[in-house]
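If you want the building blocks of each chain, they are given just below.
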Amino acid sequence: MNKFTSLLIALSCSVSAAFAQSNDLMDMLDKDGSKPKKKEEVTATFKATRIINGSSVQNLAAGVLDFRISHRFGRLDQGLENFLGLDNATTKIGLDYGVTDWLMIGLAHSAYNKENEGFMKVRLLKQKKQGTPITLTYFGSTSIQTMTAPTLAAGQEWYFTNRMYFSNQLLVARKLNDNISLQLMPTLIHYNLVDSTKFSNNTFAVGVGGRIKLSKRLALTGEYFYRLNNTDLLFNGQRTYNALALGLDIETGGHVFQLLFSNSPGMTERTFVGQTTDTWEKGAIHFGFNVSRVFTVVKPKEFRKSAEKKEW
Amino acid sequence: MKKFIIALSILTIGANTGFAQKVMTRTAKISFTATAASSPEKIDAINNEVANIVDTKTGDLVFQVLVKSFKFERALMQEHFNENYMESDKFPKAEFKGAIANMADVNFTKDGTYNAKVGGKLTIHGVTNDVSVPGTITVKGNSYTLKAKFPVTLADYKIAIPGVVADKINKVATITLESNLTQK
């Protein structure tokens, strides 16, 4: 039987070779075993490194620097006399950098609460075609508020650590098809200082986010963070709400513009997840935008030598 | 017995390729430039993972390219190339199937550089067009080098350029190809 099989294989090989035409050459390429079978990675799950306020699983490529400016205007319900809130704005400026394709770091300053933030985003798993079903990324940030210390009663001490906040997130995303991507975000924010001892220093939340592409260069985005505890948390004496944001991604050559509506004036995890003091119900929402401009700082290895020198 | 089968199949395959004079590589290079004269940034890409088979007896040849293997200097440009222009998820491969039209002028058994005319079907972005490409074939012992440089009009392959970047992307891309093949 074995002999017969091998004979058959040998026979079919010689037959196919004898009648080889260019179509068969193509088949030969397709069937050739010397080609390393690498599962293709799914790319461009989101257009930008942020869905709206929160991070997406999208990392900057190695050697790419991203200069980001974000604005959140005042509340729409401030009325026409305040130009629907556009008279007031808070700004966040930041620099992000792709150290490797899987590690991205960044520094930012946010005018809201005078916050300085450092973060890292580490990709642990990458979605592949007929392979890994999801992209899994860890996001961690530390932020320090630089407001002047409050005047405290005698005998009370103000610690530097009171200014610190820590955010930890797992970003679990799947690009369902060319147009729709979804992301789940278990989140833990640690507040070194909360308004009262009756609140936990840890706020646990689950975020969901996603995008729907309207065209090649336009996408609708949305993001919602549902708090599992600390829902009655007060921030500077004000009631807090879950954060909901809706946005539109507009992509041009080297820029991505994100236009958005959000009930959070804050742009850092600790503010929008746990300390959002405005609510959609009362129209207390903020118009805003994120602008990103990328620069290639370290070229990919194929381009490091002067391209002109290459003969071919 | 198993060893015998393996030996036999290796032998037959070896004999077949020997008989058919097919040479193959998976590291041929294709680069292109689509930089418009007024563009401040270069729109160039390189692909070093091109597959190529040449039948030195019949002159038939094929090229196959994974579009996602094109490397750009700017990562964002590479993403846009795949997402917006080539739609690489829908059309992962670009292919050329053709033959050397003037086989009489090309001698694969004698060292030298020959001018070759290659005609065939070029498939990019899911669109197939008949093309005729001039190139050179250099024979040195049992190694062959294929070189070609030719223009590709993007509109012929339904690759749309939006108005915003019309001043940056040339309507015609210049493709440069080099394939080094060795007869084993």
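Residues numbered from 1 in each chain as written. Chains lettered and ligands numbered in written order. Predicted model: local features only at pLDDT ≥ 70, side-chain atom pairs only at ≥ 80, totals over all residues. Heavy atoms only, no water.

Observations regarding the overall build of chain A
Note the threshold: A run of H or I in DSSP becomes a helix once it reaches four residues, and a run of E becomes a strand once it reaches two; helices and strands are each numbered from the N terminus. By definition in these notes, contact holds between two residues if any of their heavy atoms fall within 4.5 Å. With residues, only the protein chains shown are counted as cover, and all accessible areas are computed by Shrake-Rupley using a 1.4 Å probe.
The helix and strand tally for chain A stands at three helices and 14 strands. Within chain A, contacts between residues separated by at least 24 positions form 59% of all contacts whose residues are at least 6 apart in sequence. For chain A, the computed accessible surface area is about 15800 Å², with 62% contributed by carbon and sulfur atoms.

A short note on the overall build of chain B
Spelled out, the test is: Throughout, exposure labels follow a simple rule: accessible area from a 1.4 Å probe, protein chains only, divided by the maximum for the residue type, with under 20% read as buried, over 50% as exposed, and the rest as partly exposed.
For chain B, the count of helices and strands is two helices and nine strands. Listed N to C, the secondary structure of chain B is α-β-β-β-β-α-β-β-β-β-β in terms of helices and strands. Expressed as a percentage of the 184 residues in chain B, the buried residues total 49%. Taking all contacts inside chain B whose residues are at least 6 apart in sequence as the whole, residues at least 24 apart take part in 59%. Carbon together with sulfur atoms contributes 59% to the accessible area of chain B, which is approximately 9000 Å² in total.

Looking at the environment of Arg304(A)
Within the secondary structure layout, Arg304(A) lies in the segment after strand S14 (286-296). The exposure class assigned to Arg304(A) is exposed, which follows from its relative accessible area of 56%.

Quick look at the pattern of salt bridges
Note the threshold: One side-chain nitrogen of Lys or Arg within 4 Å of one carboxyl oxygen of Asp or Glu is enough to make a salt bridge.
What the rule picks out here adds up to 18 salt bridges over all chains. Residue Lys175(A) is joined to Glu83(B) by a salt bridge in which the shortest nitrogen-to-oxygen separation is 3.5 Å. Here the residue Lys175(A) occupies a position in strand S6 (residues 164-175), and Glu83(B) occupies one in helix H2 (residues 75-85), the pair thus bridging two chains. In this structure, Lys121(B) engages Asp130(B) in a salt bridge whose closest nitrogen and oxygen atoms are separated by 3.0 Å. Taking the relative accessible area as the measure of exposure, Lys121(B) reaches 45% and is therefore partly exposed. Exposure remark for Asp130(B): the relative accessible area of 61% places this residue in the exposed category.

Description of empty space enclosed by the protein
Put simply, the test is: Using a grid of 1 Å spacing that covers the protein atoms alone, one calls a set of points a cavity when a 1.4 Å probe fits there but cannot get out, and a pocket when the set is open and has protein on both sides within 12 Å along at least five of seven lines; lining residues are those with an atom within 4 Å of a point. Grid points are joined across faces, edges and corners, and a volume is the space filled by probe spheres set on the points. Polar here means any residue other than Ala, Val, Leu, Ile, Met, Phe, Trp, Tyr, Cys and Pro, which are nonpolar, and Asp, Glu, Lys and Arg, which are charged; Gly is therefore polar.
Across all of its chains, the model carries four cavities of 30 Å³ or more by this definition. The volume enclosed by the largest cavity comes to roughly 110 Å³. Lining the largest cavity are 14 residues; nearest its centre among them are Arg50(A), Arg68(A), Ser70(A), Lys92(A) and Met267(A). What the second largest cavity holds in volume is close to 50 Å³. Top contributing element to the lining of the second largest cavity by residue count: H2(B), with four residues. In terms of residue class, the lining of the second largest cavity is built from two nonpolar, two polar and five charged.

Topic: the confidence of the model for chain A
Keep this limit in mind: In predicted models, pLDDT denotes the confidence assigned by the predictor to each residue on a 0 to 100 scale.
With 89% of its residues at a pLDDT of at least 70, chain A reaches an overall mean of 87. Scored below 50 in pLDDT, residues 14-20 of chain A makes eight contacts in the model with residues more than four places away or belonging to other chains.

Topic: the confidence of the model for chain B
All names here are of chain B. A residue-level look at chain B finds 89% of positions with pLDDT of 70 or above and a mean pLDDT of 89. Scored below 50 in pLDDT, residues 14-19 makes six contacts in the model with residues more than four places away or belonging to other chains. Predicted complex, confidence summary: ipTM 0.78, pTM 0.83.

Notes on the sheet that holds strand S13 (residues 255-262) of chain A
Formally: In short, DSSP must find at least two bridges between two strands for them to pair. Every axis in this analysis is a line fitted to C-alpha atoms, fitted for helices over the stretch in contact. Angles between the N-to-C directions lie between 0 and 180 degrees.
The sheet built from twelve strands closes into a barrel, its strands ordered S1-S2-S3-S4-S5-S6-S7-S8-S9-S12-S13-S14 (chain A) with antiparallel pairing. Neighbour-to-neighbour, the strand axes of this sheet turn through a mean angle of 20°, independent of strand direction. Where S13(A) lies against S14(A), eight bridges are found, and the strand directions are antiparallel. Within S14(A), the position partnered with Leu259(A) by the bridge is Phe289(A). Sheet contacts for H2(B): strand S1 (64-75), S6, strand S8 (202-215), strand S12 (243-251) and S14 of chain A; angle to S12(A), the most-contacted strand, approximately 85°.

Quick notes on the pairing of strand S7 (residues 180-191) of chain A
All names here are of chain A. Residues Ser181, Gln183, Met185, Thr187, Ile189 and Tyr191 line the buried face of S7, whereas the alternating positions Ile180, Leu182, Leu184, Pro186, Leu188 and His190 sit on a face that is not buried. Counted along the chain from S6 to the antiparallel partner S7, the turn is four residues long. Strand direction decides the pairing type here: S7 and S8, joined by eleven bridges, are antiparallel. Its bridge partner lying in S8, Leu182 is registered against Gly210.

Regarding the environment of Lys110(B)
Inspection of the secondary structure puts Lys110(B) in the loop between strand S5 (93-100) and strand S6 (112-124). Residue classification places Lys110(B) among the exposed positions, given a relative accessible area of 54%.

Quick word on the side chain of Asp55(B)
All names here are of chain B. Rules: Note that His is not counted, nor are the chain ends; the positive residues are Lys and Arg, and the negative ones are Asp and Glu. Identification of polar contacts relies on pairs of N or O atoms within 3.5 Å, with a donor-acceptor requirement for protein atoms, meaning one able to donate a hydrogen and the other able to accept it, and with residues adjacent in sequence counted only if both atoms are side-chain atoms.
Among the secondary structure elements, Asp55 is positioned in strand S2 (residues 44-55). The side chain of Asp55 is buried and forms no salt bridge, while Lys22, the nearest opposite charge, is found at 4.4 Å. There is a polar contact of 3.0 Å between the side chain of Asp55 and the backbone nitrogen of Lys57. Engagement of the side chain of Asp55 in a polar contact is seen with the backbone nitrogen of Thr58, the distance being 3.2 Å.

Quick notes on the packing of aromatic side chains
So the rule is basically this: Classification of ring pairs rests on two measures: the distance between centres of Phe, Tyr or Trp rings, Trp counted by its six-membered ring, which must be within 6.5 Å, and the angle between planes, read as stacked under 30 degrees, edge-to-face over 60 and tilted in between. The rule for a charge over a ring is simple: NZ of Lys or CZ of Arg within 6 Å of the ring centre, and within 35 degrees of the ring normal.
The final tally for this structure, using the stated rule, is twelve aromatic pairs over all chains. Here the aromatic rings of Phe73(A) and Phe287(A) are separated by 5.9 Å at their centres, their planes lie at 10°, and the arrangement is stacked. One end of the pair, Phe73(A), is in strand S1; the other, Phe287(A), is in strand S14, and 214 residues separate them in sequence. The buried category is assigned to Phe73(A), whose relative accessible area is 15%. Considering the side-chain rings of Phe72(B) and Phe81(B), the 4.8 Å spacing of their centres and the 50° angle between planes classify their relative orientation as tilted. By relative accessible area, which is 2% here, Phe72(B) ends up buried. Among the aromatic side chains, those forming a connected cluster through ring pairs are Phe73(A), Phe261(A), Phe287(A) and Phe289(A). The cationic tip of Arg217(A) hangs over the ring face of Tyr85(B); the distance from NZ or CZ to the ring centre is 5.4 Å. The ring of Tyr165(A) is capped by Arg270(A), whose NZ or CZ atom sits 3.9 Å from the centre of that ring.

Topic: the pairing of strand S3 (residues 103-110) of chain A
Residue and element names in this part refer to chain A. With seven bridges connecting them, strand S2 (residues 89-98) and S3 associate as antiparallel partners. Residue pairing in the sheet places Asp96 in a bridge with Gly106 of S3. Turn length for the S2-S3 hairpin, with the two strands adjacent in sequence and antiparallel, is four residues. When S3 meets strand S4 (residues 115-125), the two strands line up antiparallel, connected through eight bridges. Pairing of His109 across the sheet is with Asn116, part of S4. Linkage of S3 to S4, two consecutive antiparallel strands, is achieved through a turn of four residues, within which Asn113 is found at a positive phi near 65°.

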